[in-house]
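Structural characterization, general
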Amino acid sequence: MNGSSAYPIRTTINGKHYSLEVPPHQTLLRVLRDRLMLTGSKPCCEEGECGACTVLFNGRAVNSCLILAVEVDGGEILTIEGLSHHGELDPLQQAFIDEGAVQCGYCTPGMIMAAKYLLMDNPHPSLSQIQQGLAGNLCRCTGYGRIIRAVQRAASTLAES
Amino acid sequence: MFQYLRPTRLEEVGELLAAHQGSAALLAGGTDLLVALRSGKGFPEVLIDLKRVADLGADISAGDSSIRIGALTVLADVERSSLVRDRFPALARAAGVVGSIQIRNRATLAGNICNASPAADTAPPLLAYGAAIQLFGLQGSRTLPISEFFLGYRSTALEPGEIVVSIEVPYPPPGCGSSFQRITRRRGVDLATVSAACLLQPHQETLFGMGAVGPTPLRVRDDTGILSDPAGDPQQGREAIARLAGRASPISDLRSGKEYRAAMLQVVLLRAYEESLRMCLN
């Protein structure tokens, strides 16, 4: 790769293969939203403080606003759009609905993706581990109580299944 | 706009840095760099992505006398490494409080050091443990004690064209205790107002790293033997720590006034020392 103004990348997003040409300064978040119309990942602070843009990159929770699209060449991305299968919600999505953990909804996709990573990594998190796992996701509506209960509910659902 | 370059060998990185002296930026985790690129202060001519340089390594390996942390190792992996947790608990703890998990999954230990913020959380433990920084340059490789790495505010001893290859941390002798402590304005994600790490070695000098209390992270030592004596007088110990804290030169900024920093530095030094002492006694 060198001097040109667009760079070819190949990446798998929610199980689908993409070949794209991206400018070097464009973030993963912008490519997801503006090019691929995957608008579940939200722009907010765009400096890694709020977590609204959280996606999984090669199985790890990251802020898609702090990653250049060229960096994901050869990698795998999971966004909120990739969580449900054939209309069946992920246990986390269902738990957020059941616990009323969504108010304005803007932080929700990032919150769920951060929680997804937490539960993949640690299926039985303690209260403080949930708080730590979601420390990079800001919510200005809920006060976090229902969000934490939703993660606890999803963890028990997953443990039963 | 900048060019994006993705070398795979160390020599290529050296050549690119030589060809674009002063106008190249190095990209590892990018958690500081992307914020800077977005700040409107302009772009470098070239962005050199280091993540495919095999010789840099993204892993932690155990040697005979030290561990080697490759320059691409992310903080989340430092935090959860059982080797680091067992032998270098202060480093594991410091790596685990940098930003959020989303940040720690990208940000590298080497990047935290090279960014050279006085508040870099991993600097105090690396100073206390006496880490060595392995550098590569076209003129040759060299090793620098981390106490000689920080030259000033966001300024390091890296020569033009040099990059960090790995960070090596020597195992403390048996029977040691170590601890990292920090004070922040809120729980959760925040920069340290002050931070300190301690390495307590019975009947040897006691080493401290201090953060956010001067233009660079600072290493200080107590060689009076007061602190390394498990049966020492607590009052004398507090006085020794107050003397060490006096070596700092805190400033006032948006996180704290300098008087508060100076007072809290003694608190975090004492907490780090007391936790280290408890580990020694157990």
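Worth saying up front: this structure is predicted, and the values here are computed from it rather than measured.

1. A word on the overall build of chain B
- Along chain B, the regular secondary structure elements total ten helices and 14 strands.
- Relative to the compact-globule value of 19 Å for 282 residues, chain B shows a C-alpha radius of gyration of 19 Å, a close match.
- The buried share of chain B, taken over its 282 residues, is 55%.
- Total accessible area computed for chain B in this model is approximately 12,000 Å², and 49% of it derives from carbon and sulfur atoms.
- Taking the average location of the 29 positive side-chain charges in chain B and that of its 28 negative ones, the two points are 8 Å from each other.

2. What to know about the overall build of chain A
- The number of helices and strands found in chain A is five helices and five strands.
- Its helices and strands taken in sequence order, chain A reads β-β-α-β-β-β-α-α-α-α from the N to the C terminus.
- For 161 residues, the compact-globule estimate of 2.2 N^0.38 gives 15 Å, and the C-alpha radius of gyration of chain A, at 16 Å, lies within 12% of that figure.
- Sequence-distant contacts in chain A: of pairs separated by 6 or more residues, those separated by 24 or more amount to 54%.
- Summed over all atoms, the accessible surface of chain A reaches about 7,300 Å², with 49% contributed by carbon and sulfur.
- The distance from the centre of the 12 positive side-chain charges to the centre of the 15 negative ones in chain A is 4 Å.

3. Focus: the confidence of the model for chain B
- The predicted model of chain B averages 95 in pLDDT, with 100% of residues at 70 or higher.
- This complex was scored by the predictor with a pTM of 0.96 and an ipTM of 0.96.

4. With respect to the state of the cysteines
- Applying the stated criterion across every chain yields a total of zero disulfides over all chains.
- Considering cysteine sulfurs only, Cys104(A) is the nearest to Cys141(A), which forms no disulfide, with 3.8 Å between them.

5. A few points about the interface of chain A and chain B
- Contact with chain A, which involves 31 residues of that partner, is made by 30 residues of chain B.
- Buried area between chain A and chain B, both sides added, is near 2,500 Å², and the carbon and sulfur share of it is 55%.
- Together, Arg60(A), Leu66(A) and Glu71(A) form the three largest contributors to the area buried by chain A at its contact with chain B, with a combined 24%.
- Scanning the region where chain A abuts chain B turns up six salt bridges.
- Here Arg80(B) makes a salt bridge to Asp121(A), at a shortest N to O gap of 3.1 Å.
- For the pair chain A and chain B, the number of links is 15 residue pairs in polar contact (both at pLDDT 80 or more).
- Among the elements of the structure, strand 3 (54-57), strand 4 (60-63) and helix 3 (108-121) of chain A are those that each provide at least two residues to the side of chain A that touches chain B.
- Counting residues per element, the side of chain A that touches chain B draws most heavily on strand 4 of chain A, which supplies four residues.
- The residue makeup of the side of chain A that touches chain B, split by class, is 14 nonpolar, eleven polar and six charged.

Rules and cut-offs
Residues numbered from 1 in each chain as written. Chains lettered and ligands numbered in written order. Predicted model: local features only at pLDDT ≥ 70, side-chain atom pairs only at ≥ 80, totals over all residues. Heavy atoms only, no water. Helix = DSSP H or I, 4+ residues; strand = E, 2+ residues; numbered from the N terminus. Rg over C-alpha atoms; globule rule 2.2 N^0.38 Å. Buried < 20%, exposed > 50% of the residue type's maximum accessible area, 1.4 Å probe, protein only. Areas by Shrake-Rupley, 256 points an atom, 1.4 Å probe, with all protein chains shown as cover. Lys, Arg positive; Asp, Glu negative; His and termini not counted. Charge placed at Lys NZ, Arg CZ, Asp CG, Glu CD. Contact = heavy atoms within 4.5 Å. pLDDT = per-residue confidence, 0-100. Disulfide = S-S within 2.5 Å. Buried area = accessible area lost by both parts, 1.4 Å probe. Salt bridge = Lys/Arg side-chain N within 4 Å of Asp/Glu carboxyl O. Polar contact = N/O pair within 3.5 Å; in protein donor to acceptor, adjacent residues only side chain to side chain. Nonpolar A, V, L, I, M, F, W, Y, C, P; charged D, E, K, R; others polar.

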